[in-house]
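# Results of the structural survey
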Amino acid sequence: MALPFLPGNSPNINLLKEKFHKSQHFDYSSGVPLLAGIEKPGIGGELLLGQRIKPKSSVYPKVATGGLPSWVAFDKQALCFEAYFQETVPDIPNETNRIRKCKIYFYLEDDTIQVVEPQYKNSGIPQGTLIRRQRIPLPPPKQEQFYNVFHFNLNQQMVLFAQTFTVTNCDQFTRNFLTKCGVILNDPVAVPEDPYRSLREKMEKSMSPLRPYERRDTLKQFLEYDCKVLRFFCFWDDTQAIYGDLRELVLHYYLADDTLEIREVIPPNSGRVTASKFLRRSKLPKHASKHLNLPGEVTDRTVLNVLASTRQGDRFILDSLKVFFIIIPIRFILIAKINHFFLNHINIFSANVSTLLQTAAIQEEFYKDCDLTVGGELNVWGRKVIIADCDDFTKDYYRYKYGIEDFNPVKYKAPVVPKPPKLVPPYNGFGSEEDSLSSCQRLLPKPPQKDLHKFMEHDRYGLQSNVLKYFAKMVTNSQVDSEREFIISFYLSDDSISVFERSQKNSGVLGGMFLARGRVKKPGQELFKSEPSEYFIAQDLYVGATLCLNNRLFQLLDADEYTLNYLEQHAEQFPKANFGTILAKLRSIPEEKQRDIRNFLTLNDPTNTGFVTFESFRGLLMATECGLSEHEVLVLGRSFSEHQQPEADVGLMLAVAQDVLKKKDFDQIADMTRVFEHHDLTKTGRTSIKEAMTICRTFQVPLSDNLLTCLLQKFADGDQINYNTFLDGINWLNHPAPPVMPDELLKFDVKLRRDGSRVKSINYSSLVQKVFPGVSNTVDPESAASA
């Protein structure tokens with residue numbers, strides 16, 4: 001029973017509706033009202049009566065797209081089908097229809113279709129793209145839908161814009177794709193034979209031209225020898241002419257096309273005008289003619305003019321058999337098989353006689369690469385050019401291709417007279433020596449140039465200071481001056497030296513800059529001389545060396561760790577730090593001294609631990625007089641030393657670390673805890689020391705490398721570290737440590753920096769085995785006591 005159509009009894013279609021917008025169907029174009037939106041929906045996006053929405057793209061299986069949109073999953077992928085269509089030819093009686101082959105491309109990303117017809121030679125039909133890439137609707141009555149991938153199959157007809165195409169075959173990619181989509185492909189079919197095309201093919205095969213085109217394939221030579229040029233050094237003796245001289249030339253032979261060019265080498269101040277080329281790039285004939293050839297004389301093929309008429313024009317025939325016909329309209333004369341001698345002497349005086357031009361092509365010989373040899377001659381348009389030498393690439397080319405080994409150059413120049421040396425006046429005392437020398441070299445003096453390459457290579461970069469620092473004392477008889485301490489810095493960027501004096505309490509001497517930075521001359525040189533002075537270089541500074549800086553003697557007693565490491569890393573530049581040179585010196589001492597050294601080291605190790613102190617080892621080598629300096633002994637000791645980290649109080653280390661973090665206002669302990677827990681996959685509260693160091697550097701913990709390394713090693717158990725204990729120890733907010741006095745902080749810092757690299761004990765057992773392998777192990781008490 002139906003309810004009455006009363007308020008409250010009928011359903012409201014707009015009850016849950018939220019969109020009530022209207023689509024714009026009308027618009028103005030150039031002041032003319034028109035219907036713009038035929039396919040637009042009605043109110044709120046609802047379809048109008050009888051309206052259908054065209055689908056935007058095909059629906060592919062989700063397995064094929066992997067959940068991605070089609071324009072991403074099928075980007076640059078297309079299906080290729082081979083097809084043909086039949087075209088009716090109504091105006092030609094011999095040809096009723098044509099079979100035109102084409103290819104149909106279906107692009108999977110947007111369901112577009114493109115039809116392309118391959119181009120055939122002399123077809124007379126506009127070919128190429130028949131249907132540009134677009135979406136093609138289905139034929140009526142389904143014109144609101146478009147072709148998709150499931151509409152394609154083999155051995156079926158498709159109607160594209162009222163043109164019927166028959167699909168015959170497809171490629172392997174298309175076959176596999178359609179099979180995966182569940183499409184059962186039909187068997188491929190053959191294309192029907194086109195009668196007109198078959199007729200054209202028979203005609204082309206039956207044609208036999210009297211003069212077929214002679215193709216000269218030079219592509220292989222170009223691809224093989226492109227950008228490969230032979231270079232020869234030549235000369236042309238033009239001394240017999242007025243104001244003539246010897247002309248130097250450079251010949252370039254291009255292997256890609258057998259052409260050559262010649263450039264002239266014009267020396268400076270020769271008075272000649274500079275020309276770009278002596279001979280432009282072209283083929284050079286071996287026998288140059290006295291006159292230039294007329295147009296048409298030098299051609300690849302001979303052309304015969306057999307008819308000259310003002311009414312009918314000119315007629316040309318290609319010369320293939322060298323049988324020529326001379327046709328006269330009044331009289332017909334046949335001359336068969338005329339040789340070249342007769343043709344050069346025949347004269348026909350008649351206006352109606354056709355002209356016979358160049359019965360055969362002139363064969364010219366051009367220079368090839370086989371004609372160019374060192375010492376050979378070239379005829380460059382009447383100029384005799386002699387090849388004197390060639391470069392290395394040219395020698396390798398002739399050696400490989402022709403097996404030539406004789407490349408002795410031709411000497412055509414007089415030996416160069418050595419220039420007299422320029423006498424430099426002695427230094428006059430004004431300015432620096434380099435500045436005074438530059439004023440003698442040019443009229444407008446310029447400031448001396450610095451070695452910019454050396455400066456950029458050895459300038460300070462990051463933590464690499466490139467400054468060698470030595471601890472030194474003054475060599476003097478004065479007791480006060482002998483106790484003064486100096487730090488000598490050598491700058492590798494410009495070989496300059498600066499001296500700084502350390503202040504000491506109650507010494508009566510003020511510390512500070514003792515010698516400003518600058519280059520220092522070596523002592524014992526004459527002041528006013530023509531030769532440049534010698535300056536101290538980096539190789540002159542080493543531990544144990546004595547330097548004379550401004551008439552003051554300084555002895556280098558020690559060096560910092562960076563200096564020692566730098567010298568050892570660049571041992572090829574610093575002989576005093578070369579470990580191989582030091583071992584060679586030790587092995588060159590007499591065998592008796594070698595035995596004494598071994599016995600002395602054995603007696604100084606009563607417990608047979610294999611180690612002796614560095615002081616006793618140093619005293620032994622210096623007293624033996626084996627030719628080693630203090631620096632070489634130090635390098636030898638560092639190579640066989642036993643490094644021991646200084647024992648430091650953990651509480652003091654944590655207090656110092658918290659003091660530094662508190663001054664830097666470092667409050668990222670909580671963030672570091674979360675990062676440590678994130679990297680701790682097993683949730684054991686431990687991580688590797690290397691990973692902990694990386695995390696600390698990531699957060700830029702403001703602690704020195706030595707202090708941070710010592711702290712991590714104190715909280716480490718093997719290769720693992722308990723990061724919770726480490727973070728609680730440096731957390732100055734939740735677990736503050738007792739305050740640290742400034743003097744304790746300074747002592748701790750100095751001890752941490754200096755004691756870590758100090759050499760304490762020497763592993764003499766490995767040293768003896770490496771240096772004195774042939775010396776016996778027997779200990780002689782008398783020799784040991786004498787030593």
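Residues numbered from 1 in each chain as written. Predicted model: local features only at pLDDT ≥ 70, side-chain atom pairs only at ≥ 80, totals over all residues. Heavy atoms only, no water.

### Describing the overall build of the chain
Rule in force here: Going along the chain from the N terminus, every DSSP run of H or I of four or more residues is numbered as a helix, and every run of E of two or more is numbered as a strand. Three labels apply to residues, based on accessible area from a 1.4 Å probe with only protein chains included: buried if under 20% of the type maximum, exposed if over 50%, partly exposed otherwise in between. We call two residues contacting when some pair of their heavy atoms lies within 4.5 Å. Per-residue and other accessible areas were derived by the Shrake-Rupley procedure at a 1.4 Å probe size, with only the shown protein chains allowed to occlude residues.
Secondary structure summary: the chain contains 23 helices and 30 strands in total. Looking at the 787 residues of the chain, the share that counts as buried comes to 33%. Put simply, of all contacts in the chain between residues at least 6 apart along the chain, 55% involve residues at least 24 apart. For the chain, the accessible area works out to roughly 52,700 Å², and carbon and sulfur atoms hold 54% of it.

### What about the nonpolar core?
Filter applied, for reference: The set of buried Ala, Val, Leu, Ile, Met, Phe, Trp, Tyr and Cys residues whose side-chain atoms join them within 4.5 Å is what this entry labels a nonpolar core.
Counting 54 residues, the largest nonpolar core has Ile488, Leu549, Phe617, Leu621 and Leu636 as the members making the most contacts within it. Sequence-distant contacts of Leu636, defined by excluding residues within four places in its chain, comprise Phe579, Ile582, Leu583, Leu586, Phe617, Leu621 and Leu767. If you look at the next biggest cluster of nonpolar residues, it comprises 30 residues, including Met653, Ile695, Phe699 and Leu708.

### Here's the deal with a nonpolar patch on the surface
Cut-off, in case you're wondering: Candidates for patches are residues over 30% relative accessible area with no salt bridge; among them, like charges are joined within 9 Å and nonpolar side chains (Val, Leu, Ile, Met, Phe, Trp, Tyr) within 5 Å. A side-chain nitrogen of Lys or Arg and a carboxyl oxygen of Asp or Glu constitute a salt bridge if their distance falls within 4 Å.
On the surface, Leu68, Trp71 and Val72 cluster together to form a nonpolar patch covering roughly 320 Å² of accessible area. For Leu68, the location among the structural elements is in the loop between helix H1 (62-65) and helix H2 (70-73).

### Some remarks on the sheet that holds strand E28 (residues 716-717)
Sheet strands pair by backbone hydrogen bonding; their relative direction is either parallel or antiparallel. Cut-off, in case you're wondering: Following DSSP output, two strands are said to pair if at least two bridges run between them. An axis is simply a line fitted to the C-alpha atoms; with a helix, the fit covers only the stretch in contact. Between two such axes, the angle follows the N-to-C directions and lies from 0 to 180 degrees.
Spatially, E27-E29-E28 is the arrangement adopted by the 3 strands of the open sheet, whose pairing is antiparallel. Strands at the two margins of the open sheet, each flanked by one partner only, are strand E27 (686-688) and E28. Note: E27 against strand E29 (residues 720-722), 3 bridges, orientation antiparallel. What sits directly across from Thr687, in E29, is Ile721. Against the sheet, helix H18 (residues 689-698) contacts E27, E28 and E29, and its axis sits at roughly 90° relative to E27.

### Some details on the pairing of strand E19 (residues 467-474)
Pairing between E19 and strand E20 (residues 485-491): 7 bridges, direction antiparallel. Residue pairing across strands places Leu468 opposite Phe490, the latter belonging to E20. By the bridge criterion, 5 bridges tie E19 to strand E24 (residues 552-559) in an arrangement that is antiparallel. Of the residues in E24, the one forming a bridge with Tyr470 is Ala559.

### Describing the sheet that holds strand E17 (residues 377-380)
Strand order across the open sheet formed by 6 strands is E12-E11-E10-E9-E18-E17, with antiparallel pairing between neighbours. Each edge of the open sheet carries a strand with a single partner, namely strand E12 (279-282) and E17. On average, each strand axis in the sheet is tilted by 35° relative to the strand beside it, whichever way the strands run. One ladder, built from 4 bridges, connects E17 with strand E18 (residues 383-390); its direction is antiparallel.

### Details of unusual backbone geometry
In the segment running from Pro140 into Pro141, the intervening peptide bond is cis, with an omega of 10°. Relative to the helices and strands, Pro141 resides in the loop between strand E6 (128-134) and strand E7 (156-160). Look at Asn550: it is not a glycine, yet its phi comes out positive at around 55°. Inspection of the secondary structure puts Asn550 in the loop between strand E23 (546-549) and E24. When its relative accessible area of 52% is taken as the criterion, Asn550 is described as exposed. Positive phi, normally seen in glycine, also occurs at Asn551, with a value near 65°. Its place among the elements puts Asn551 in the loop between E23 and E24.

### Examining the pattern of salt bridges
Evaluation of the coordinates by the stated rule reveals 37 salt bridges. As a salt-bridge pair, Arg484 and Asp481 come within 3.2 Å of each other at their nearest N and O atoms. Each of the two residues, Arg484 as well as Asp481, counts as buried. With a closest N to O distance of 3.4 Å, Arg595 and Glu591 form a salt bridge. Of the two residues, Arg595 and Glu591 both sit in helix H13 (residues 591-603), 4 residues apart, roughly one turn of that helix.

### A word on the packing of aromatic side chains
Counted only if it meets this: Any two of the Phe, Tyr and Trp rings considered here, Trp counted by its six-membered ring, make a pair once their centres fall within 6.5 Å; the pair's planes then place it as stacked at under 30 degrees, edge-to-face at over 60, or tilted in between. The rule for a charge over a ring is simple: NZ of Lys or CZ of Arg within 6 Å of the ring centre, and within 35 degrees of the ring normal.
Going through the model one piece at a time under the given rule, you end up with 21 aromatic pairs. Consider the rings of Phe486 and Phe554, whose centres lie 5.1 Å apart with planes at 85°: the pair is edge-to-face. Taken as a pair, Phe486 in strand E20 and Phe554 in strand E24 lie far apart in primary sequence, 68 residues in all. Taken individually, Phe486 and Phe554 each receive the classification buried, so the pair is uniform in this respect. The lysine or arginine in question, Arg135, covers the ring of Phe146, its NZ or CZ lying 4.1 Å from the ring centre. Arg517 extends its terminal NZ or CZ atom over the ring of Tyr491, reaching a point 3.8 Å from the ring centre.

### Section: the packing of H18 against helix H19 (residues 705-714)
The line we're drawing: Just so you know how the angles are binned, under 35 degrees is roughly parallel, over 145 roughly antiparallel, 65 to 115 roughly perpendicular, and the rest oblique. Each crossing is labelled by how the near helix is turned from the far one, with a counterclockwise turn of less than a right angle marking it left-handed and a clockwise turn marking it right-handed. Residue polarity follows a fixed list, in which Ala, Val, Leu, Ile, Met, Phe, Trp, Tyr, Cys and Pro are nonpolar, Asp, Glu, Lys and Arg are charged, and the others, Gly among them, are polar.
Contact geometry of H18 with H19 gives a least axis separation of 11 Å together with a crossing angle of 140°. In terms of orientation, H18 and H19 fall into the oblique class. As for the relative orientation of H18 and H19, their crossing is right-handed in sense. Contact with H18, carried on its side by Ile689, Ala692, Met693 and Cys696, involves Leu708, Thr709 and Leu712 of H19 and no other residues of that element. Of the residues belonging to the contact of H18 with H19, the class tally is 6 nonpolar, 1 polar and no charged.

### Overview of the pairing of E24
Two elements, E23 and E24, share 4 bridges in a ladder whose sense is antiparallel. Residue Thr546 lies in a different strand from E24, and its bridge partner there is Gln555. Taken together, E23 and the strand that follows it, E24, pair antiparallel across an intervening segment of 2 residues, in which Asn550 is found at a positive phi of about 55°.

### A closer look at helix H17 (residues 669-679)
Condition: As used here, the arc is the angular range of directions from the helix axis to the C-beta atoms.
Looking at H17, one finds that the buried residues are Ile669, Met672 and Phe676. The buried residues of H17 occupy an angular sector of 55° when the element is viewed end-on, so they sit on one face. Turned more than 90 degrees off the buried face of H17, the exposed positions are Arg674 and His678. Against the buried residues of H17 lie E27, H18 and helix H20 (723-730).

### Quick word on helix H7 (residues 392-401)
Along H7, the positions that sit buried rather than exposed are Thr394, Lys395, Tyr397 and Tyr398. Here the buried residues of H7 occupy an arc of 160° about the axis, which is enough to place them on one side. Within H7, the exposed residues directed more than 90 degrees away from the buried face are Asp392 and Tyr400. Against helix H5 (219-225), strand E9 (229-237) and E18 lie the buried residues of H7. Just beyond H7, the residue with positive phi is Gly403, at close to 70°.

### Considerations on the environment of Asn763
Along the polypeptide, Asn763 turns up in strand E30 (residues 761-763). For the pair Asn763 and Val612, spaced 151 residues apart in the sequence, the C-alpha separation amounts to 6.8 Å. In this structure, Asn763 is in contact with Gly610, Phe611 and Phe640, ignoring residues within four places of it in sequence.

### Description of the packing of helix H11 (residues 561-569) against helix H15 (residues 630-639)
Packed helices, taken two at a time, are described by the angle between their axes plus the distance between the axes. Closest axis-to-axis distance for the H11/H15 pair is 12 Å, and the angle between their directions is 90°. Between H11 and H15, the angle is such that the two are roughly perpendicular. Here Glu561, Leu564, Asn565, Leu567 and Glu568 of H11 come into contact with H15, specifically with His631, Leu634, Val635 and Arg638.

### Describing the confidence of the model for the chain
Selection criterion: One confidence number per residue, pLDDT, is output by the predictor and ranges from 0 to 100.
Averaged over every residue, the pLDDT of the chain is 81; residues scoring 70 or more account for 82%. Contacts for the low-pLDDT stretch residues 320-360, under 50 throughout, to residues beyond four places or in other chains number 52 contacts. Segment residues 753-757: pLDDT under 50, and 8 contacts once partners within four positions in sequence are set aside and those in other chains are kept.

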